[in-house]
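Below are the chains, spelled out letter by letter.
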Amino acid sequence: MAQGRKFPPISGKIPGFMHGADYNPDQWLHDPKIFEEDIRLMKLANCNVMSVGIFAWAALEPEEGRFEFGWLDHVLDTFAANGIYAWLATPSGARPAWMSQQYPEVLRVGANRVRNLHGARHNHCYTSPVYREKTAIMNAKLAERYGSHPAVVGWHVSNEYGGECHCDYCQEAFRDWLKAKYGSLDALNRAWWTAFWSHTYTDWAQVESPAPHGESAVHGHNLDWRRFVTAQTIDFYLHEIAPLKRVRPELPCTANFMDLFYDLDYREFAKVVDVISWDAYPTWHAAKSDADVAAWFSFNHDLFRSLKRKPFMLMESTPSLTNWQPVSKLKRPGMHRLSSLQAVAHGSDTVQYFQWRKSRGSSEKFHGAVVDHAGHEHTRVFRDVADLGAALAGLGEVIGTSVPAEAAILFDWDNRWAVNDAQGPRNSGIRYEQTVVQHYRALWELGVPTDVIGSDDELAGYKLLIVPMAYLMRQETGEKIKRFARAGGTVAATYWSGVVDEHDLCHLGGFPGPLRAAAGIWAEEIEGLHDHDRNTLVLREGNPLGIVGSYEIRELCELIHAETAEVLAEYGEDFYAGRPALTVNRLDAGRAYYLAARVSDPAFYAAFYEALVREAGVRRAIETALPPGVTAQLRSDGVSDYVFLLNFSGKSAEIELDGASYLDAETGDAVAGTLGLPVNASRILKRAAK
Ligand code: GLA
Ligand code: ZN
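Residues numbered from 1 in each chain as written. Chains lettered and ligands numbered in written order. Predicted model: local features only at pLDDT ≥ 70, side-chain atom pairs only at ≥ 80, totals over all residues. Heavy atoms only, no water.

Enquirer: Describe the overall build of the protein chain, with residues and values.
Expert: When helices and strands are tallied, the protein chain shows 17 helices and 27 strands. Expected size for 690 residues packed as a compact globule is a radius of gyration near 26 Å; at 26 Å, the protein chain falls within 12% of this value. The principal-axis extent of the C-alpha atoms belonging to the protein chain is close to 75 × 75 × 40 Å. Evaluated residue by residue, the protein chain yields a buried proportion of 61% over its 690 residues. For the protein chain, the share of sequence-separated contacts (at least 6 apart) that also reach a separation of at least 24 residues comes to 74%. (Helix = DSSP H or I, 4+ residues; strand = E, 2+ residues; numbered from the N terminus. Rg over C-alpha atoms; globule rule 2.2 N^0.38 Å. Buried < 20%, exposed > 50% of the residue type's maximum accessible area, 1.4 Å probe, protein only. Contact = heavy atoms within 4.5 Å.)

Below is the structure:
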């Protein structure tokens, strides 16, 4: 999306930022004073929204068919009277013991075909007719009772959908899904290349989900199982929202996502939710500089925004620490604001936490919360939260603004699954996700607004497209990328791209298959390097990028031939010294770069992308040098630009502002010249849209 624009707020009831937390009043029903105190504290903390009842099934339906809504009526009515809103949850993320006891089919079956016992959460079969019936009844009752409640702004559907089930119902559903996809067993056998090891199916009943003690070696099968798990999870979600939408179709529904979650294709899931929300838990302060962690989470924020190319919700984050990471570190002064504004900088219109009040017992009793066991507001964490709430309240004009990205990076879930399942060329670490973020990181350091897109997304409007390790590439994707370059776009693709098609069958006739024409190269071989192996990428003198010197290579080297491409750099060592390592192919108005090896030195990516951004004229948030670990991000409505300066470097930093005239978006004061950014500082500057 190249131009700034303004979206309406997520809920018409809250024109500004949503600020609040997961709230579990059902844990405190025995002590009504706690709820009264919570209302007082929510207002003091400048919170205006709570996610309510996420794990409240046992309180809502204590026995089969006996519903208790009195407590929730009281919570929501009191909210409404106090200007607090609710994302009302459907409680399917955990179910009451009576249900598992009465209907064991609601419990999940593992890949080893063993049914789980009751316990934990997220432990349900998403195909089970009983579980579907129970959720339909519960959700219909919630919708009828609360769909028009003045406090309710939307539905928080279940919690962090994930996992898979291998029960008989799910096997049947998998076969049905395959029948619909392939039509015939012949087509399935061809797509899965089952002649290999004599795995040809002759009866649909022979087809089952992958299993550690059964079939696990057929790549196309594994890939389709993952696609099915996504489809079946979405089907369950659609089943959950049907009764909600029947009552009030306009009330938004969301399902909270998780960072780079592997098991579900969120790009598919995104199509059926009204607003994207996600749960971010960075492990701050694990190193001197937080830049690595910050870049990873910025990538996630950009991904979640790009799923719908509009503002998203930070549904969960911790107000202080988590209790599930190896070490529970406290947020240093400034980090709560910095981390929260990071989400906003990338397009979040909410800052929400897990959790409002610490539980007294069980596995999350030491997880950070706005209200600690001490039970009052006189804590550092509470003050951090209240201060942020006050700051957000003053930033209402940012709501609905977009991130006008002219750079995009390709990231597909089925590619992710396929490249990790590939068996070669480096089973000791193919590192797809890290590679994508390695490239993204260079744009982050330059302060380049970036979308994270999928193969089906439109490329129009972008100037730079990064295609790292696009191992699974459909023919039409390759053609689309070529059209993009022809029309003037710049493409930066890497090794191990264009290797298999959508069935995980190798492209015949030369890699990178569908990308070969655009890249103008042929990749003859690829080798995995041992951890101790090194090579170098040596820039050719006088190359048009103007980069000089040599950079270390590790892990993967592809041996390519330049066909129509020009060689910019070559390998420095080994029997392939002197052969191309970096090329550029010129196509009509645009160009396609191809990086054949995994360069390990970040300085290479910094220099390479600096050159590409300059050459392609890609918009940066601010036209100035940014110190390492300090990023600038941009939101815009096309009239005003909001530049977020975020210091994750662990050191104090200075930024020389460019020639535009800036105001501090919070104070309204004019800002010019050199701006000091102390450790963990975050500033928002406003200027006329460029
Ligand atoms: C997840 C869950 C929450 C809580 C937090 C703890 O995001 O959705 O219920 O368990 O983790 O960090
Ligand atoms: Zn099942």
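Now, onward.
Enquirer: How would you sum up helix H12 (residues 380-393)? Please name residues and give values.
Expert: Between its terminal C-alpha atoms H12 stretches 20 Å, which fits the 20 Å expected from 14 residues at 1.5 Å a residue. Looking only at H12, the buried set comprises Val381, Phe382, Val385, Ala386, Leu388, Gly389, Ala391 and Leu392. Buried positions along H12 lie against strand S1 (18-23), helix H1 (32-44), helix H11 (335-345) and strand S9 (348-353). (Expected span 1.5 Å × (residues − 1).)

Enquirer: Explain the site of ligand 1 to me, and be specific about the residues and the numbers.
Expert: Close to ligand 1 lie Phe55, Arg121, Asn159, Glu160, Asp279, Tyr281, Glu316, Trp324, Phe354, Glu364 and His367, which account for all nearby residues. Here tryptophan 324 contributes a side-chain N or O atom positioned 2.7 Å from an oxygen atom of ligand 1. Contact distances for ligand 1 include 2.7 Å between an oxygen atom and a side-chain N or O atom of histidine 367. In the complex, 95% of the free accessible area of ligand 1, which totals 300 Å², lies under the protein chains. Its residues assigned to classes, the shell around ligand 1 shows four nonpolar, two polar and five charged. (Near = heavy atom within 4 Å. Polar contact = N/O pair within 3.5 Å; in protein donor to acceptor, adjacent residues only side chain to side chain. Areas by Shrake-Rupley, 256 points an atom, 1.4 Å probe, with all protein chains shown as cover. Nonpolar A, V, L, I, M, F, W, Y, C, P; charged D, E, K, R; others polar.)

Enquirer: Report on the coordination of the zinc ion (ligand 2), specifying residues and quantitative values.
Expert: Surrounding the zinc ion (ligand 2) are the protein donor atoms Cys125 (SG), Cys165 (SG), Cys167 (SG) and Cys170 (SG), at 2.3 Å. In this structure, the zinc ion (ligand 2) is surrounded by four donor atoms whose angles at the metal cover 105 to 113°, and the resulting shape is tetrahedral. Between the donor residues of the zinc ion (ligand 2), the gaps in sequence give the motif C-x39-C-x1-C-x2-C. One end of the pair, cysteine 125, is in the loop between helix H4 (97-102) and helix H5 (129-146); the other, cysteine 167, is in the loop between strand S4 (152-156) and helix H6 (168-182), and 42 residues separate them in sequence. (Donors = N, O, S within 2.8 Å, 3.2 Å for Na, K, Ca; no water. Tetrahedral: all angles 85-135°; square planar, octahedral: opposite > 155°, others 65-115°.)

Enquirer: Explain the domain arrangement of the protein chain to me, using residue names and the numbers behind them.
Expert: Looking at the protein chain, the domain boundaries give domain 1 (407-616) and domain 2 (630-688). For the pair domain 1 and domain 2, the two sides together bury roughly 420 Å², of which 53% comes from carbon and sulfur. Three residues, Trp444, Gly447 and Pro449, lead the burial of domain 1 against domain 2; their summed loss comes to 82% of the area buried on that side. At the boundary of domain 1 and domain 2, one finds zero salt bridges. Across the domain 1-domain 2 interface, the total number found is one residue pair in polar contact (both at pLDDT 80 or more). Split by residue class, the side of domain 1 that touches domain 2 holds two nonpolar, one polar and one charged. (Domains from an automatic or database assignment. Buried area = accessible area lost by both parts, 1.4 Å probe. Salt bridge = Lys/Arg side-chain N within 4 Å of Asp/Glu carboxyl O.)

Enquirer: Just give me the short version of the pattern of salt bridges, but keep the residues and values in it.
Expert: A side chain of one charge can pair with a side chain of the opposite charge when the charged atoms of the two come close. Counted according to the given criterion, the structure contains 48 salt bridges. The partner of arginine 416 in a salt bridge is glutamate 433, with the nearest N and O atoms 2.6 Å apart. On the criterion of sequence distance, the pair formed by arginine 416 in helix H13 (residues 413-421) and glutamate 433 in helix H14 (residues 432-446) is long-range, its members being 17 residues apart. The class for glutamate 433 is buried, based on a relative accessible area of 11%. When the shortest N-O distance is used, the salt bridge between arginine 486 and aspartate 588 registers 3.2 Å. One end of the pair, arginine 486, is in helix H15 (residues 475-486); the other, aspartate 588, is in the loop between strand S18 (580-587) and strand S19 (590-595), and 102 residues separate them in sequence. Relative accessible area serves as the criterion here: at 42%, arginine 486 is assigned to the partly exposed category. A relative accessible area of 65% means that aspartate 588 is categorised as exposed. One continuous salt-bridge network, built from bridges that share partners, spans Lys181, Asp224, Arg227, Asp414 and Arg474.

Enquirer: Account for the sheet that holds S4, naming residues and giving values.
Expert: Spatial ordering of the open sheet is given by S5-S4-S3-S2-S1-S9-S8-S7-S6, a layout of nine strands whose pairing is parallel. Two strands lie at the open edges of the sheet, namely strand S5 (253-254) and strand S6 (256-258), each paired on one side alone. Pairing geometry for strand S3 (residues 85-89) and S4, over four bridges, is parallel. Residue pairing across strands places alanine 89 opposite histidine 156, the latter belonging to S4. (Pairing = 2+ DSSP bridges.)

Enquirer: Would you mind going over H11 in detail, with residue names and values included?
Expert: Here H11 lies mainly inside the structure; 10 of its 11 residues are buried. Of the residues making up H11, those classed as buried are Met335, His336, Leu338, Ser339, Ser340, Leu341, Gln342, Ala343, Val344 and Ala345. Among the residues trailing H11, glycine 347 stands out with phi positive, at a value near 120°.

Enquirer: Residue-level account of the pairing of strand S21 (residues 630-636), with values.
Expert: The buried count for S21 comes to seven of seven residues, which makes it a mostly enclosed element. Every second residue of S21 is oriented toward a common face, with Val630, Ala632, Leu634 and Ser636 on one face and Thr631, Gln633 and Arg635 on the other, all of them buried. Bridge count between S21 and strand S22 (residues 640-647): seven bridges; the pairing is antiparallel. What sits directly across from valine 630, in S22, is asparagine 647. Following S21, the chain reverses through three residues before pairing antiparallel with S22; glycine 638 in that reversal takes a positive phi of roughly 90°.

Enquirer: Quick rundown of the side chain of serine 92? Include the residues and the values.
Expert: Secondary-structure assignment places serine 92 in the loop between S3 and H4. Not counting residues within four places of it along the chain, the set of residues in contact with serine 92 comprises Trp57, His124, Tyr131, Thr135, Ser158, Tyr161, Phe236 and Glu240.

Enquirer: Tell me about the side chain of lysine 134, and please be specific about residues and values.
Expert: In this structure, lysine 134 sits in helix H5. If sequence neighbours within four positions are ignored, lysine 134 has contacts with Trp57, Glu64, Trp98, Met99 and Tyr103.

Enquirer: Pulling in residues and values, what's your account of the packing of aromatic side chains?
Expert: To describe a pair of aromatic rings, one takes the distance between the centres and the angle between the planes. Evaluation of the coordinates by the stated rule reveals 39 aromatic pairs. Measuring from centroid to centroid gives 5.0 Å for phenylalanine 174 and tryptophan 225, while their planes differ by 85°, and the two rings are edge-to-face. Here the residue phenylalanine 174 occupies a position in helix H6, and tryptophan 225 occupies one in helix H8 (residues 219-247), the gap between them amounting to 51 residues. For the pair formed by phenylalanine 174 and tryptophan 225, the shared burial category is buried. Positioned over the ring face of phenylalanine 7 is arginine 5, at 4.0 Å from the centre of the ring. Here the guanidinium or amino end of lysine 141 rests over the ring plane of phenylalanine 67, the centre of that ring lying 4.8 Å away. (Phe/Tyr/Trp six-rings, centres within 6.5 Å; stacked < 30°, edge-to-face > 60°. Lys NZ or Arg CZ within 6 Å of the ring centre and 35° of its normal.)

Enquirer: Help me get a handle on the environment of lysine 690, residues and values and all.
Expert: The residue lysine 690 is located in the segment after strand S27 (682-688) in this model. Residue lysine 690 is classed as exposed on the basis of its relative accessible area of 55%. For lysine 690, the residues in contact, after removing those within four places along its chain, are Arg619, Glu623, Asp641, Asp658 and Ala660. Here the side chain of lysine 690 touches aspartate 658 through a polar contact of 3.3 Å, side chain to side chain.

Enquirer: Tell me what's going on with the packing of H5 against H8, and back it up with residues and numbers.
Expert: Where H5 contacts H8, the two axes come as close as 7 Å, and the packing angle between them is 30°. On the basis of their axis angle, the class for H5 and H8 is roughly parallel. Classified by chirality, the crossing of H8 by H5 is right-handed. Contact residues: H5 offers Tyr131, Arg132, Glu133, Thr135, Ala136, Asn139, Ala140, Ala143 and Glu144, while H8 offers Gln232, Asp235, Phe236, His239, Glu240, Pro243, Leu244 and Val247. Residue composition of the contact of H5 with H8, grouped by class: eight nonpolar, four polar and five charged. (Axes fitted to C-alpha atoms, helices over the stretch in contact; angles between N-to-C directions. Parallel < 35°, antiparallel > 145°, perpendicular 65-115°, else oblique. Left-handed = near helix turned anticlockwise from the far one by under 90°.)

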